Amino acid sequence: MKEQPLLFALPKGRLMEKSRDLLGSMGIDFSFDNRKLVADDKSGNYRFFLVKNSDLPTYVNHGIAGLGVCGSDVIYESGKDFYKLHTFSYGSTKMCLAGLKGSHNFGNDAALKISTKFTRFTRDYYHRHNTPVEVIKLNGSVELGPVLGLSPYIVDLVETGNTLRANNLEIIKELEDIRVHLIVNPAYYKLNYKRINKFVDDIKTGEAKWNLERRK
Amino acid sequence: MKIPQGSESFFFEEAYIHRKLTEAIQNLFNSWGYLPVETPVFDLFDVYRTLIPESDADKIYRLIDREGDLLMLRSDITLFLARQMGLILSDKDLPARICYSDSILRHQNSDDISHNEFFQSGIELVGKAGFSGDMEVLLLLNKVIELLDIKAEIHLGSHALFNQVFRTFSEQQKAEILRMTELREFRALTEYCSSVSGAQKAEAEAELFSFIGSADELETLMNVKSDGREKITGLFGEDAAGELKYLIKIARNLEKAGFTGNFQIDLSEVGSQAYHTGIVFQVYMHGMDSAVISGGRYDGLLSKFGIDAPSVGFSLLQRKIEPGIGSKERFSKPADVTEINDKDIINAFNKAEKLRNEGKTVTL
């Protein structure tokens, strides 16, 4: 009897494109045609769900998808525990504290006032460092916070720094390296560990080859 | 209409199946000599404070009574049961076989759909140490799985093995290693343990606790030789090897008893509760996001409540399992309901009683 396909959540956007490219190089081909959000690979061994990045941990946590590709920033914000069975070579970025160029002056305020999408990370980071912090939750275009005077600082992911520069902002401190992981629901792993271990081994080998090919 | 997050109500056929299943589970427990116990809905928080893992503490509902004492609502039946047993049991009552079916109350986040985890049925075997106690509970566990008719897998590990292998580590270090083991963060575990164990032994520790497999596969792992001696015994000592042999012995005996369920020795099962001391196990069910049955041995827990008795038991998240049970018609409400059409209510009542005595379901 053919086994059920492994259920896999992918985040919309660049991470999905990279992941599909990598999986395609391993012979796992699929596409989300006509705005569909569910796709099976040609072998029928994998079923992929296309979900919003920040919702991905919820799907994996509840076992709707067994596996997922997710950044450590999103995992941390979810507050959920997953098995992280592989760290991908792509999608790395940094969580940074930024503010208007030349304007930062710690120590004058009772608490650091920070606008961010990453409220849990920001609060925990500064609590760990015994720094009082006031966090303002934003859902996007965080750079506007200091520009419009909502808060002097932001905590956000910085890849190239172009958006910061364009808005007259600069990195004050790099807080943490963010990596992209293959996450797995623990119960799902326990019931499918042989297949998942094999898949992880294949991913490790496949990604090394894929990186070599791309460098050519 | 607003409903508080985390509350659950269910009705009619669903509630009927729930009650019938609860009855069937309790009947099974009773037939093994287990008698029911009812625990209070709330108790003093200070009694349990040190026994609750930090990760669980924020899920507990707490309230202050009129005398200013901090109370907690029942969030874990085993803990509340242990206190009650400490109050009523003495050595002459042992071994005591106890069963329960009851609800628990925990805080739930808005993205958490686990409200179906709030009804637990289970057993505790108090005062029966070692192999015979562990086997009794595992054999009964298998009977419960048979009764539920679910496709499930039992994963058996050992907290005693964990304590043996990491005996030279501090309690704080052990808590961190336990967390890494549960999350299968074995690369991080190797790095963390290297400073105490040395690089080679730390790798072996990670390899050991990543093991999932059959008794045969564990035996193969144990027979690996290094310098003419079993590698595991050489690295971790006779006592740790003894704990592994104990798990194999259990697995072999379960096979002899015709154990029907899928069964794995899983050394990453180390017991998330602070009170575990011996075997620990979880049951996983296809289509479920987390374990549906958890259990293990906790020989030191009752001594905290006034009676020093070894204990072992398990608890099932019954509401979580209910949608997936097999042959559900066993617990379904009666299909045929006879309606008596008689304007004279006393005549109707008498007719209905006659039919009810024949086993029929009758409405007036």
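Residues numbered from 1 in each chain as written. Chains lettered and ligands numbered in written order. Predicted model: local features only at pLDDT ≥ 70, side-chain atom pairs only at ≥ 80, totals over all residues.

- In the annotation of an unreviewed UniProt entry, chain A is listed under the name ATP phosphoribosyltransferase and assigned to Candidatus Thalassospirochaeta sargassi.
- Annotation of chain A in UniProt includes, under Catalytic activity (unreviewed entry), the sentence "1-(5-phospho-beta-D-ribosyl)-ATP + diphosphate = 5-phospho-alpha-D-ribose 1-diphosphate + ATP". (UniProt positions renumbered as here; feature names shortened; annotations may be inferred.)

## Some remarks on the domain arrangement of chain B
It is common to give the size of an interface as the accessible area that goes away when the parts come together.
All names here are of chain B.
Then step 1. Examined at the domain level, chain B breaks down into domain 1 (1–151 + 286–333), domain 2 (152–269) and domain 3 (338–364).
Then step 2. Taken over C-alpha atoms, the centre of domain 1 sits 28 Å from the centre of domain 2.
Then step 3. The interface is formed by eleven residues belonging to domain 1 together with ten residues belonging to domain 2.
Then step 4. Residue contributions to the side of domain 1 that touches domain 2 peak at eight residues, all from helix H5 (residues 130–148). (Domains from an automatic or database assignment. Contact = placed C-beta atoms within 7 Å. Helix = DSSP H or I, 4+ residues; strand = E, 2+ residues; numbered from the N terminus.)

## Considerations on the environment of Lys20 of chain B
Residues and elements named next belong to chain B.
Then step 1. With respect to the helices and strands, the residue Lys20 is situated in helix H1 (residues 12–31).
Then step 2. For Lys20, a count of 15 C-beta atoms within 10 Å gives the class partly exposed.
Then step 3. With 147 residues separating them in the primary sequence, Lys20 and Arg167 have C-alpha atoms 46 Å apart. (Buried ≥ 20, exposed ≤ 12 C-beta atoms within 10 Å, placed from the backbone.)

## A look at the packing of H5 of chain B against helix H12 (residues 238–256) of chain B
Residue and element names in this part refer to chain B.
Then step 1. Closest axis-to-axis distance for the H5/H12 pair is 11 Å, and the angle between their directions is 50°. In terms of their interaxial angle, H5 and H12 are classed as oblique. In the packing of H5 onto H12, the handedness of the crossing is right-handed. Of the residues in H12, those in contact with Asp134, Met135 and Leu138 of H5 are Ile250, Asn253 and Leu254.
Then step 2. Across the contact of H5 with H12, the residue classes tally to four nonpolar, one polar and one charged. (Axes fitted to C-alpha atoms, helices over the stretch in contact; angles between N-to-C directions. Parallel < 35°, antiparallel > 145°, perpendicular 65-115°, else oblique. Left-handed = near helix turned anticlockwise from the far one by under 90°. Nonpolar A, V, L, I, M, F, W, Y, C, P; charged D, E, K, R; others polar.)

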